[in-house]
2 protein chains.
Amino acid sequence: MSVITIERKVLEKNDEVARANRELFNTQKIFAINLVSSPGSGKTSILERTLAHLKNKITVAVIEGDVQTDFDAQRISALGVQAIQIVTKGGCHLEATLVKEALSHVDLSNVQLLVIENVGNLVCPANYDLGEAMKVVVASTTEGDDKPLKYPAMFRNASVLIINKVDLLPYVNCKIDLLKKNALSINPSLHIFETSCTTNAGIAEWCGWLEKNIVKP
Amino acid sequence: MSVITIERKVLEKNDEVARANRELFNTQKIFAINLVSSPGSGKTSILERTLAHLKNKITVAVIEGDVQTDFDAQRISALGVQAIQIVTKGGCHLEATLVKEALSHVDLSNVQLLVIENVGNLVCPANYDLGEAMKVVVASTTEGDDKPLKYPAMFRNASVLIINKVDLLPYVNCKIDLLKKNALSINPSLHIFETSCTTNAGIAEWCGWLEKNIVKP
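Here's a quick rundown of the structure. (Residues numbered from 1 in each chain as written. Chains lettered and ligands numbered in written order. Predicted model: local features only at pLDDT ≥ 70, side-chain atom pairs only at ≥ 80, totals over all residues. Heavy atoms only, no water.)

## What to know about the overall build of chain A
To keep it simple, the criterion reads: Numbered from the N terminus, helices here are DSSP runs of H or I no shorter than four residues, and strands are runs of E no shorter than two. Only the C-alpha atoms count toward the radius of gyration. The rule for a globule is 2.2 Å times the residue count to the power 0.38. Shrake-Rupley sampling with a 1.4 Å probe provides the accessible areas, and residues are treated as covered by the protein chains on show and by no other component. Positive charges come from Lys and Arg alone, negative charges from Asp and Glu alone, with His and the N- and C-terminal ends not counted. For this purpose, a charge sits on NZ of Lys, CZ of Arg, CG of Asp or CD of Glu.
Along its length, chain A carries eight helices and seven strands. The C-alpha radius of gyration computed for chain A amounts to 17 Å, which stays within 12% of the reference 17 Å derived for 217 residues, consistent with globular compactness. With respect to the three principal axes, the spread of C-alpha positions in chain A is 50 × 45 × 30 Å. Total accessible area on chain A stands at roughly 9,200 Å², and carbon and sulfur atoms take up 52% of it. Of the charged side chains in chain A, 23 are positive and 24 negative; the average position of the first set lies 3 Å away from that of the second.

This is the structure:
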């Protein structure tokens, strides 16, 4: 019972810092998304394609969360985009305090879009508000069509579902209509996009939708 | 600081129950494996192929761990194998106590192999001993070749790595030699198998190795 109480206190403390982060984003007119998925679903690849598409139109900053390594921040920096890496050293999710600390290293002036790429984990990050405007969950076709039912909290708490790796549909045991049906049964208000980072399919549609949410200067 | 102390106590309590589970397995001559991976790597499919291969040779029981749904236990039961589902209702990993409780519903007489399929999560289950003889980590080629470096604890704590979905190698951005090199850089003593549940490649090799670890009556 004491553990439950402490977990609740941890979440309360997290939500307090998340509220402060959200206020900062609102004041500075920054649209912040929290990108979540299983390991290897293609979050960083989608982010690379998104940055290539929005370049010269939108000023973006990225906070990368990983258990270990700064590979992802290196990939984003290579595109000339401001990127900060949080290494959790075993931690299974980002918390609002870690994001707050990372923000102190980001030049937020002119930033219109902040992407926070969470640790690859379809369970724990669902419960941690970072102050984002919305969670965007990526599910790849290779993971199968049953994941929304097996990991419902993440799909319930997300506003957008990106179904990635649609180019692999001919080779995998995944019915995309069933995947969408399962996701919508958990969360009927999900906006769904279908993408491939190999063929670039769906990237323009996703970026177009994203742009509409960004406050123009 | 208090949270760290409590986490340590939780792990100590877990390890105590894990030791009791391990003693039970040793006394009853049951070889127990803890099957871990990201969501959608193919743990249940590998288990189905393994059961089909070992059927009529080895008596197997299965404990399935999922955040939600009993789909996996249904799939295993359909093969005529004793299967118990643990639904963690949001919990991100199995703990030794949950396994102990599940064991009270399993008829262990004659069981030679117990497979505990953990929650799909490449982070949290790494730290929880369930009393198993070894952890077997599944990584699919679709997740990319960098996962051992990004999620090192799981690969460090596993004895076996099954690289699954090798049939998809021509279509994905994953160099299998680099994946193996990365895994062995984290844990040089890993036994590595390469499988496909679509073509059945590598299943005989994996099952052959598994059989050698099982105590014959």
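Next, the rest of the story.
## Notes on the relation of the copies chain A and chain B
In plain terms, the rule: What sets the superposition is a least-squares fit of C-alpha atoms, and only residues with pLDDT of at least 70 in both copies go into it. Any pair of residues with heavy atoms lying within 4.5 Å of one another is described as a contacting pair.
Turning chain A through 180 degrees and shifting it by 0.0 Å along the axis lays it on chain B, with an RMSD of 0.0 Å. Taken together, the rotation angle and the small translation identify this as a two-fold axis. The residues that chain A uses at the interface reappear at the interface of chain B in 100% of cases, marking a shared surface.

## Some thoughts on the pairing of strand β5 (residues 134-140) of chain A
The side chains of a regular strand alternate between both faces of the sheet. Residues and elements named next belong to chain A. We apply this condition: Exposure categories follow from relative accessible area, calculated using a 1.4 Å probe and restricted to protein chains: below 20% of the type maximum is buried, above 50% is exposed, and the middle band is partly exposed. At least two DSSP bridges between two strands are needed for those strands to be called paired.
In terms of burial, β5 is largely enclosed, as seven of its seven residues are buried. By the bridge criterion, five bridges tie strand β1 (residues 31-37) to β5 in an arrangement that is parallel. The residue bridging Leu35 from the neighbouring strand is Val136, located in β5.

## Considerations on the sheet that holds strand β5 (residues 134-140) of chain B
Residue and element names in this part refer to chain B. Keep this limit in mind: The angle between two axes is taken between their N-to-C directions and runs from 0 to 180 degrees, where each axis is a line fitted to C-alpha atoms and a helix contributes only its stretch in contact.
Reading across the sheet, the seven strands line up as β3-β2-β4-β1-β5-β6-β7 and stay open at both edges, with parallel pairing between neighbours. The two strands at the open ends of the sheet, each matched to only one other strand, are β3 (82-87) and β7 (191-194). Strand-to-strand twist across the sheet, computed as the mean angle between neighbouring axes with direction ignored, equals 20 degrees. Across five bridges, the pairing between strand β2 (residues 60-66) and strand β4 (residues 113-117) is parallel. What sits directly across from Glu64, in β4, is Glu117. The strands touched by helix α4 (residues 96-103) within the sheet are β2, β3 and β4, with β3 carrying the most contacts at an inclination of about 140 degrees.

## Let's talk about the packing of helix α2 (residues 43-54) of chain B against helix α8 (residues 203-212) of chain B
Residues and elements named next belong to chain B. Convention followed: An angle below 35 degrees is read as roughly parallel, one above 145 as roughly antiparallel, one from 65 to 115 as roughly perpendicular, and any other as oblique. Note on convention: near helix rotated counterclockwise from far helix by under a right angle means a left-handed crossing. Clockwise means right-handed.
Look at α2 against α8: their axes get within 10 Å of each other, and the N-to-C directions meet at 70 degrees. Relative to α8, the element α2 is oriented roughly perpendicular. The two elements α2 and α8 meet at a crossing, and its hand is right-handed. The residues of α8 that touch α2, namely those facing Ile46, Arg49, Thr50, His53 and Leu54, are Ile203, Ala204, Trp206, Cys207, Leu210 and Glu211.

## Here we look at the sheet that holds β5(A)
All names here are of chain A. The strand order β3-β2-β4-β1-β5-β6-β7 describes an open sheet built from seven strands, whose pairing is parallel. The sheet terminates laterally at β3 (82-87) and β7 (191-194), the two strands that pair on one side only. Taking the axes of each pair of neighbouring strands and ignoring which way they run, one obtains an average angle of 20 degrees across the sheet. Strand direction decides the pairing type here: β5 and strand β6 (residues 160-164), joined by five bridges, are parallel.

## Considering the environment of B:Glu117
Residue and element names in this part refer to chain B. Relative to the elements of secondary structure, Glu117 occurs in strand β4. Here Glu117 falls in the buried class, since its relative accessible area comes to 2%. It is 14 Å that separates the C-alpha atoms of Glu117 and Lys100, two residues lying 17 residues apart in sequence. If sequence neighbours within four positions are ignored, Glu117 has contacts with Leu35, Lys43, Thr44, Leu47, Ile63, Glu64, Gly65, Asp72 and Leu94.

## Brief notes about the pairing of β4(B)
All names here are of chain B. Burial within β4 is extensive, with five of its five residues counted as buried. As paired elements, strand β1 (residues 31-37) and β4 share five bridges and run parallel to each other. Residue pairing across strands places Leu35 opposite Glu117, the latter belonging to β4.

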